[in-house]
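Each chain, written out:
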Amino acid sequence: MLALWSLMVLIPLAWTLLSSFKTTSEIFASPFSLPKHWSFANYVSAWNTAGIGNYFLNTVIVVGCALVIVMVLGAMCAYVLARYAFPGSRAVYYLMLAGLTFPIFLAIVPLFFILKNIGLLNTLPGLIIVYVAFALPFTVFFLFAFFKALPSEIAEAAQIDGAGEWRTFFQVMLPMAKPGMASVAIFNFLGLWNQYLIPVAINTDPDEKVLSQGIAAFAGQQGYAVDFGSLFAAAVIVVVPVLVAYILFQRQLQGSVSAGTMK
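Quantities reported herein were computed from a predicted structural model and do not represent experimental measurements.

Asker: How would you sum up the overall build of the chain? Please name residues and give values.
Answerer: Along its length, the chain carries 14 helices and zero strands. For the chain, the succession of helices and strands along the chain, N to C, is α-α-α-α-α-α-α-α-α-α-α-α-α-α. Overall, the chain is about 70 × 50 × 30 Å in size when its C-alpha atoms are taken along their principal axes. Split into buried and exposed, the 263 residues of the chain put 39% on the buried side. Nonlocal contacts in the chain, meaning residues at least 24 apart in sequence, comprise 74% of its contacts between residues at least 6 apart. Carbon and sulfur atoms form 72% of the exposed surface of the chain, whose accessible area is close to 14,800 Å².

What follows is the structure in structure tokens.
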């Protein structure tokens, strides 16, 4: 079953990669054959002519900034809610969980007017703020269990050694939750990188568009004369960063919280 599932995933990826080196006529004539000439002309065309390079840079800026901010804020919020008891802590936690149940499309109109009133509509900073707001509840919910399971004796030992609250969190407790941080970082990266509805609604400036908008515009602006070779090349450009991110983080997923506490 695993081998069958692997083929179902790998075959479309391999076909997309091969098609990115073909011309449109080759794709229709022999969709499953190897390219006659291995050339990066489609990638050059997608990067320059279709503007994928600009969309890629915008996406890296938006997703990178949003991911860093949401991971720092989410980890700090989850740690406080999991380790400290104060009036209203449960209410804050349940409000965070309520954010997971709120459909994105219901918030589009309020978000549009809020960003317009504060002057961040059709800007990358405005898109970053919205990404952080929607990714924060899931991050807190995911990391809450990791910080809750960490033994309190380690934090007490750090405090006895003279570490303050900030140093205990960043140098002791946060490294122990590295598997959870890596997992939620991958999920957030995938969700933010592939986000389409939010950018379409609040980011209509052609110079500020992200990759999901760029590919949709590239496919639609050509009508019936779509350059499928360049379109497949653009799809590969979108997929490669996701694969690289997973490869970089997969080793972190092999650890466990219990293994970290035994060191």
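Asker: Give me the lowdown on the packing of aromatic side chains, citing residues and values where you can.
Answerer: Aromatic ring pairs are reported here in terms of the distance separating the ring centres and the angle at which the planes meet. Counting across every chain of the model gives 23 aromatic pairs. Summarising the aromatic geometry, the rings of F21 and W38 are spaced 5.2 Å apart at their centres and angled 55 degrees between planes, so their arrangement reads as tilted. In this pair, F21 is assigned in the loop between α1 (2-19) and α2 (24-29) and W38 in the loop between α2 and α3 (41-49), connecting sequence segments 17 residues apart. Looking at F21, the relative accessible area reads 12%, which means it is buried. Measuring from centroid to centroid gives 5.7 Å for F40 and Y43, while their planes differ by 50 degrees, and the two rings are tilted. Given a relative accessible area of 15%, Y43 falls into the buried group.

Asker: Requested: an account of the side chain of S19, with residues and values cited.
Answerer: Relative to the helices and strands, S19 resides in helix α1. Overall, the relative accessible area of 1% leaves S19 in the buried class. Setting aside anything within four residues of it in sequence, one finds S19 in contact with I27, N42, G229 and F232.

Asker: With reference to specific residues and values, describe the nonpolar core.
Answerer: Membership of the largest hydrophobic core comes to 64 residues, with the highest contact counts inside it found for I52, F147 and W193. Leave out the neighbours within four places in its chain, and I52 touches A46, W47, L211, I215, A234 and I237.

Asker: I'd like a description of the environment of P179, backed by residues and values.
Answerer: Locating P179 in the fold gives a position in helix α10 (residues 178-193). Along the backbone, P179 and Q250 are 71 residues apart, and their C-alpha atoms lie at a distance of 9.4 Å.

Asker: Got a sec to walk through the side chain of S212? Specific residues and values, please.
Answerer: With respect to the helices and strands, the residue S212 is situated in helix α12 (residues 211-221). Among the polar contacts made by the side chain of S212, one reaches the main-chain carbonyl oxygen of Q195 at a distance of 2.7 Å. Among all residues touching S212, those that are not within four sequence positions of it are Q195 and Y196.

Asker: Hey, could you go over the packing of helix α4 (residues 52-83) against helix α7 (residues 124-149) for me, with residue numbers and the actual values?
Answerer: It is the contact of α4 with α7, at a shortest axis distance of 6 Å, that shows an interaxial angle of 35 degrees. As α4 packs across α7, the resulting crossing turns out to be right-handed. Across the contact of α4 with α7, the residue classes tally to 25 nonpolar, three polar and two charged.

Procedures and definitions
- Residues numbered from 1 in each chain as written.
- Predicted model: local features only at pLDDT ≥ 70, side-chain atom pairs only at ≥ 80, totals over all residues.
- Heavy atoms only, no water.
- Helix = DSSP H or I, 4+ residues; strand = E, 2+ residues; numbered from the N terminus.
- Buried < 20%, exposed > 50% of the residue type's maximum accessible area, 1.4 Å probe, protein only.
- Contact = heavy atoms within 4.5 Å.
- Areas by Shrake-Rupley, 256 points an atom, 1.4 Å probe, with all protein chains shown as cover.
- Phe/Tyr/Trp six-rings, centres within 6.5 Å; stacked < 30°, edge-to-face > 60°.
- Core = buried A, V, L, I, M, F, W, Y, C linked by side-chain atoms within 4.5 Å.
- Polar contact = N/O pair within 3.5 Å; in protein donor to acceptor, adjacent residues only side chain to side chain.
- Axes fitted to C-alpha atoms, helices over the stretch in contact; angles between N-to-C directions.
- Left-handed = near helix turned anticlockwise from the far one by under 90°.
- Nonpolar A, V, L, I, M, F, W, Y, C, P; charged D, E, K, R; others polar.

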